[in-house]
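Observations on the model geometry
Chain by chain, the residues run as shown.
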Amino acid sequence: MNEIAQSGEATSEHIGDVVIDVRNLDTHYGARKILDDVSFEVEKGEIFVILGGSGSGKSTLLRHLIGLHIPSSGSIRIFGKETAGIDEEEWQPLRRRMGVLFQGGALFNSLTVGGNVALPLREYTDLPESTIGIQVRLKLGQVGLAGFENLMPDQLSGGMKKRAGLARAIAMDPEVLFFDEPSAGLDPIAGAGLDELILQLRDTFGMTIVVVTHEMESVKRIADRVIMLFQGEAEAVGTLDEVKKVDHPKVQQFFERTPDKGHTDPAEYLEYLTAGGGREF
Amino acid sequence: MTLGRVTIHAVSAIHQAAGLAREVAYWTFIAPWTRERSGIRWESVIHQGVRIGWDAIFIVAVITFFVGMISALQSASLLRQFGQLLLMANAVALSMTRELGPLLTAIIVAGRSGSAFTAEIGSMKMAEEVDALTAMGLNPVHFLMVPRVVAMVIAVPTLTLIADFMGIFGGWLLAVSVVDLGSLQYIRHTIGAIDMGDVMRGLTKSFIFGCLIAMTGCYLGIQAEGGSEGVGRSTTNSVVISIFLIVLANLAFTAFFYMVE
C-alpha cells in the first residue's frame, strides 16, 4: 500500500460518514491468494470504483461486500456492523439497505419485468398490490423502462436487462448500491446511459455506490474515488488522478493500456516452440 | 490413489447433499412457524405441481397402461400352463401396486422433472439469479427448492395411484379382449387381490422416490459449474443418479418388508 491509501485511512475519524469499512481483508482458495491485506473505506454518497484487470480479485471483493462469500480473515464493517462471522439471519437487516446489480441483470426469467421489480416489495412489505404497481412503474420509469413491466426478461436487450435489474435493485430504496461490471457487454451508448443513471442515483437520492469495473471511460466519468487491485493487492486508493500518479508498473500499464510482454523475440519464440524437440507430442 | 479420490469426492458429495436436505427440511417444517415471512410458497408449489404432476398424467397413464397389458400377457402365458388363467388378475394387480406402478412413475418423473429441476436451478446459478436472491435476502432453498420438493412428494404418489389404476385397466382390457376372460370375473379377482397394505406401501415408496428425485435434481442444480456445458452434464447426471437411487431405495424397502413379514 502506498501513501495515498494511508491518507485515505485518516478519514476513519468521521466514522459516521463511512458506510463500508474494510480492514486487512485476506482470501485464499487453498494455497492461492485471491485478496491480500486489502483495506479501504467507502464514504456516504460517493461513487467508489473497484478497479483491476481480470484475476485481480475485484469480483471476489464484491462478493465479500455483499455477503455472498466469506473472507478468510479481516474485517468488513457495513453501516458500522461487523459482517465477518455473522450468519444469514444477521445479514438480513443489512441486505435490505443494500441493492446489487449483477453483470447480466440476473432477472428471474419466470417473472415479468414488473414481477421482478415487485419481488422485493412483495416479500418485504405489506403494501397493497395497487401501491406496488405504482412503485414498479416509478422504478422502471427511473431507469428509462417505463411501460415495459409486462414484458418477459428474454424479450429485453442486454442493456435493458441491466436497467431492469437496476430497477429491481433500487426497489427498496437502498442506501448502498453495488454494480458488477455495469458496462460489460454493452455498446458505448448503452454503457454511457448506465453511467448517467449511476450519477443520477447518487445525485438525486444520495446513494452510496460501489462499482466493480475495468472500463476506463466509465471510471473517468463516474468515479469519486477508486481502489486499484492487482493480483489481490490494493496498489492504490484515492481519487482517479491520485491513483494515476502512483509509481507502480502495473498501475501505469493499466492506465496506459499497454500489453504484457510476450515472446516478442522471434528467435526466442522459435526456441520456445521447439523446446523438447517435439519428442513429447 | 484414484479410488481414494473418488471415495473422498463421494463422501463430501453425500455430506453436502445431506446438508442441503437438512436445510430443505428446516425451511419446510420449522421456518414457516418460527420465522417471519417464511411460509411455504404455495403459489409456487401449485405451479410446480402442475408441471410435475398434471403435465405428466398422460405419459404416465399411457406407459403404465401398456405395461399392464405386457404383464398380463406375460403372466397369461405362464399361468395357462397351470390352468390358472384367472390368476393373471392377481398377478397384474400385485405387480402394479407393489412394484411397477411406483417404479415406473418415479422413473418417468425423474426423466421429466428431476432433470428439469437441475437444468432450471443450474442455469439460474450460472446467470447469477441464485446470488441475486441471496443478495436480496431471499433464501434460495426457501424460494427455489422447498416448492419443488413439496410439489414433487405430492405429485409422485398421486401419479402412482393413476399408474396403478391404468396398469390394472390395461391388464383387464387385454384379459377380456385377447385372452377371453369374463370381465366381471376378472374384476372380482382383481378386487380380491388388491391389498390396501400393498397400495399404501407402494405409495410410501413413491413418496420416498419423490424425495430422492427432488433432492437429487435440486442438489445437482445448485452444484452445477462450468457454464451451459456444465449444466447439461449435471442434468444428465441428475437422471442417472435419480434412477440409481430409486432402484437402490426400492431394493432396501422391499428387503425391509420381506424381513419384517
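The rules behind these values
Residues numbered from 1 in each chain as written. Chains lettered and ligands numbered in written order. Predicted model: local features only at pLDDT ≥ 70, side-chain atom pairs only at ≥ 80, totals over all residues. Helix = DSSP H or I, 4+ residues; strand = E, 2+ residues; numbered from the N terminus. Buried ≥ 20, exposed ≤ 12 C-beta atoms within 10 Å, placed from the backbone. Arc of directions from axis to C-beta. Contact = placed C-beta atoms within 7 Å.

Right, let's get into the overall build of chain B. Helix and strand content of chain B: 9 helices and 0 strands. Starting at the N terminus and ending at the C terminus, chain B contains elements arranged as α-α-α-α-α-α-α-α-α. When the backbone C-alpha atoms are referred to their principal axes, chain B occupies close to 70 × 50 × 35 Å. Taking all 261 residues of chain B together, 44% fall into the buried category.

Residues and elements named next belong to chain B. Buried within helix H7 (residues 183–193) are the following residues: Tyr186, His189 and Thr190. Seen end-on, H7 carries its buried residues on one side only, within an arc spanning 100°. Opposite the buried face of H7, at more than 90 degrees from it, the exposed residues are Leu184, Ile191 and Gly192. Close packing links the buried residues of H7 with helix H4 (88–126) and helix H6 (140–179).

This part takes up unusual backbone geometry. Here the phi dihedral of Ala106 of chain A falls at roughly 50°; this positive angle occurs in a residue that is not glycine. Note that Ala106 of chain A resides in the loop between strand E6 (98–101) and helix H4 (113–124). One non-glycine residue, Glu128 of chain B, adopts positive backbone phi at about 65°. On the secondary structure map, Glu128 of chain B appears in the loop between H4 and helix H5 (129–135).

Let's shift gears to the environment of Asp154 of chain A. Residue and element names in this part refer to chain A. Secondary-structure assignment places Asp154 in the loop between helix H5 (129–142) and helix H6 (158–169). C-beta crowding within 10 Å serves as the criterion here: with 8 such atoms nearby, Asp154 is assigned to the exposed category. With 45 residues separating them in the primary sequence, Asp154 and Asn109 have C-alpha atoms 7.0 Å apart.

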